[in-house]
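# Tertiary structure, described
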Amino acid sequence: MKYSLIKSELKGIYVPETVFEYLHDANGNDLKVIMHVIKTENADPLKLSSELNISHSAANSSLLFWADKGLIMCEEEPEKTAKKKSVLTSEIVATLSSDPGVKALVKNLQLIFSSSLNEKYTNKFLALYLEESIPVDVILQISQHHVNIGIDNPSYVIKVIRSWHSKLGLNSGSAVDEYLALCEKREKVYKQVCEIFGISSDKLKSSEKKIIDRWKENFNMTMEMVKESYIRAGSNASIPYCNGILKSWAQKGYTSTKDLDSVITNITESRRNIDSHSENVKPARKVPTLDD
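Rules and cut-offs
- Residues numbered from 1 in each chain as written.
- Predicted model: local features only at pLDDT ≥ 70, side-chain atom pairs only at ≥ 80, totals over all residues.
- Heavy atoms only, no water.
- Axes fitted to C-alpha atoms, helices over the stretch in contact; angles between N-to-C directions.
- Helix = DSSP H or I, 4+ residues; strand = E, 2+ residues; numbered from the N terminus.
- Parallel < 35°, antiparallel > 145°, perpendicular 65-115°, else oblique.
- Contact = heavy atoms within 4.5 Å.
- Nonpolar A, V, L, I, M, F, W, Y, C, P; charged D, E, K, R; others polar.
- Core = buried A, V, L, I, M, F, W, Y, C linked by side-chain atoms within 4.5 Å.
- Buried < 20%, exposed > 50% of the residue type's maximum accessible area, 1.4 Å probe, protein only.
- Expected span 1.5 Å × (residues − 1).
- Polar contact = N/O pair within 3.5 Å; in protein donor to acceptor, adjacent residues only side chain to side chain.
- Arc of directions from axis to C-beta.
- Phe/Tyr/Trp six-rings, centres within 6.5 Å; stacked < 30°, edge-to-face > 60°.
- Lys NZ or Arg CZ within 6 Å of the ring centre and 35° of its normal.

### So, the packing of helix α7 (residues 119-130) against helix α9 (residues 154-167)
Each pair of packed helices gets described by two things: the angle between the helix axes and the distance between those axes. At a minimum axis distance of 10 Å, the contact between α7 and α9 shows a crossing angle of 5°. With respect to each other, α7 and α9 are oriented roughly parallel. In contact with Y121, K124, F125 and L128 of α7, α9 contributes P154, S155, V157, I158, I161 and R162. When the residues that make up the contact of α7 with α9 are grouped by side-chain class, the tally is seven nonpolar, one polar and two charged.

What follows is the structure, given as structure tokens:
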């Protein structure tokens, strides 16, 4: 809502009769708000809440009260297509000082990013919490993780927070912990696979990482099975080619080399039984001929 005072033609500070008519209906905040608006001719609820030390909702409620009585002009603000101007951090903190989330963010973000975090980026982090409803612990834990691994670019970290929250559904600190633990396990698996294939881990493509993730998380394959697939692939050995082998094994229920050994043993036994049966079968008796 956007509010403005309906001005009187009289000069000086003039208190409309309407204020006195509704003294009994108005509460303390209502009177403070209307008197302040009359004096300053400013009906912005954000500034009123800061200057009068009342909540934003209380300022808004009082303005609506006097709008209903004909003293305040009330109109819907048109939707803005242009980029919104960031509110100063000091104004946000002053307005929402009762919100512990804002306090926690401002305090801890400064500790995490130190001097690299200016007012512009602080506002953007606050917007993640205030406008996109991303929990404070999610914002802080993802920020701390990236700074720990040497990524302290606030703009990049903000993009990651937004992506992890919307695409991965990370809505709590514990969910972030679980995902980071999974990422750590994956990195160890990538390193082991690269050793088997004789490639550098920093050369591993994102598409190849997704394939490797499936080997452990979907196919439940051991590293011995990955190595076995590499050996059997021979000159065709590559991550996509071995994925076909491992997928086939997974569909047959083979998840370890013991399973493969068991299959080979069964096949060998079957062949031995066939050969043994062939040896025990007596040849058909020869029918005498005239030549005998």
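### Remarks on the nonpolar core
Counting residues in hydrophobic clusters, the biggest one holds 26 residues, and the most contacted among them are F125 and I161. At the level of secondary structure, the elements contributing two or more residues to this core comprise α6 (100-113), α7, α8 (136-148), α9 and α10 (173-197). In this structure I161 touches F125, L128, I134, I139, I142 and S143, once residues within four positions along its chain are discounted. Counting 22 residues, the second largest nonpolar core, distinct from the first, contains I212, F219, V226 and I245.

### With respect to the environment of L71
Its place among the elements puts L71 in the loop between α4 (56-68) and β2 (72-75). On a C-alpha basis, the gap between L71 and T18 in space is 7.7 Å, while along the polypeptide they are 53 residues apart.

### Side note on α7
Its 12 residues give α7 an end-to-end C-alpha distance of 16 Å, which sits within 8% of 16 Å, the value for a rise of 1.5 Å per residue. Buried within α7 are the following residues: Y121, T122, N123, F125, L126, A127 and L128. Of the residues that open α7, the one with a side-chain oxygen 3.2 Å from the backbone nitrogen of K120 is N118.

### Concerning unusual backbone geometry
Positive phi is not limited to glycine here, since E41 has a value of about 60°. With respect to the secondary-structure elements, E41 resides in the loop between α2 (28-40) and α3 (45-51). The phi angle at N220 is positive, at roughly 60°, despite the residue not being glycine. Residue placement: N220 occurs in the loop between α11 (206-217) and α12 (223-233).

### Description of α6
Compared with an ideal rise of 1.5 Å per residue, which puts 14 residues at 20 Å, α6 spans 20 Å between its outermost C-alpha atoms and is within 8% of the ideal. Where α6 is concerned, the buried positions are G101, V102, L105, L109, I112 and F113. Summarising the axial view, the buried residues of α6 lie within an arc of 105°, below the 170-degree limit, and thus occupy one face. Relative to its buried face, α6 has exposed residues pointing more than 90 degrees away, namely P100, K103, K107 and L111.

### Section: the side chain of S143
Within the secondary structure, S143 is located in helix α8. Judged by its relative accessible area of 0%, S143 falls in the buried class. Discounting residues that sit within four places of it in the chain, S143 has contacts with L109, I112, F113, F125, V157 and I161.

### Digging into the packing of aromatic side chains
Within this structure, the stated rule accounts for three aromatic pairs. Residues W164 and Y179 carry aromatic rings whose centres are separated by 5.0 Å and whose planes lie at 75° to one another, so their mutual orientation is edge-to-face. In this pair, W164 sits in helix α9 while Y179 sits in helix α10, placing the two residues 15 residues apart along the sequence. Plain terms: the ring middles of F197 and Y230 are 5.0 Å apart, the flat faces sit at 65° to each other, and that makes the pair edge-to-face. In this pair, F197 sits in helix α10 while Y230 sits in helix α12, placing the two residues 33 residues apart along the sequence. Overall, F197 belongs to the buried group, its relative accessible area being 11%. For K120, the ring lying beneath its charged end belongs to Y121, and the centroid distance is 5.5 Å.

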